[in-house]
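# A look at the structure
Letter by letter, the chains look like this.
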Amino acid sequence: QVQLVESGGGLVQPGGSLRLSCEASGFTFSNYAMSWYRQAPGKERELVARISSGGGSTNYADSVKGRFTISRDNVKNIVYLQMNSLKPEDTAVYYCNARRVILDYWGQGTQVTVSS
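Now for a quick tour of the structure.

Rules behind the numbers
Residues numbered from 1 in each chain as written. Predicted model: local features only at pLDDT ≥ 70, side-chain atom pairs only at ≥ 80, totals over all residues. Heavy atoms only, no water. Helix = DSSP H or I, 4+ residues; strand = E, 2+ residues; numbered from the N terminus. Buried < 20%, exposed > 50% of the residue type's maximum accessible area, 1.4 Å probe, protein only. Polar contact = N/O pair within 3.5 Å; in protein donor to acceptor, adjacent residues only side chain to side chain. Contact = heavy atoms within 4.5 Å. Pairing = 2+ DSSP bridges.

## Some points on the environment of Q39
You can see Q39 is positioned in strand β4 (residues 33-39). You can call Q39 partly exposed: its relative accessible area is 27%. Counting along the chain gives 37 residues from Q39 to K76, while the straight-line C-alpha distance between them is 27 Å. Polar contacts involving the side chain of Q39 include one to the main-chain carbonyl oxygen of K43, which spans 3.1 Å.

## Quick look at the side chain of D90
Along the polypeptide, D90 turns up in the loop between β8 (78-83) and β9 (92-100). For D90, a relative accessible area of 0% gives the class buried. At a separation of 2.8 Å, a polar atom in the side chain of D90 contacts the side chain of R67. With residues near it in sequence (within four places) discarded, D90 still touches R38, R67, F68, S85, V112 and V114.

## A word on the pairing of strand β11 (residues 110-114)
Going residue by residue along β11, you find T110, V112 and V114 tucked away on one face and Q111 and T113 left uncovered on the opposite face. Here strand β2 (residues 10-12) pairs with β11 via three bridges, running parallel. Residue pairing for β11: V12 is matched across the bridge by V114. Sheet topology note: the β9/β11 ladder contains three bridges and is antiparallel. Across the sheet, the residue bridging to Y94 is T110, located in β11.

## What to know about the environment of S116
Locating S116 in the fold gives a position in the segment after β11. For the pair formed by S116 and P88, sequence separation is 28 residues and the distance between their alpha carbons is 8.7 Å.

Following this line, the structure appears as structure tokens:
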């Protein structure tokens, strides 16, 4: 069955870094665009970053441009989100998403808390 398993979340001080990973299985990973979304308490889920199936194209939310980097390994079936210069407003549950046409899969999420 399809699985997206996120890892790498945790508590970090402002200005710190984290790298999230999302390991995929149960589908042809290299055929899917991959994204990271986040949802803070009381807010709607928002797109953070997206990478095309081949990895040649990326898009970022304005709030994370220059600080976050999305990448993927189509051999290991993993997508990463490198998060630098973290701010308290980055605190949220981060979700991995795989999408191809009408097919849409989600992970369970990993908590990221930025606090001193």
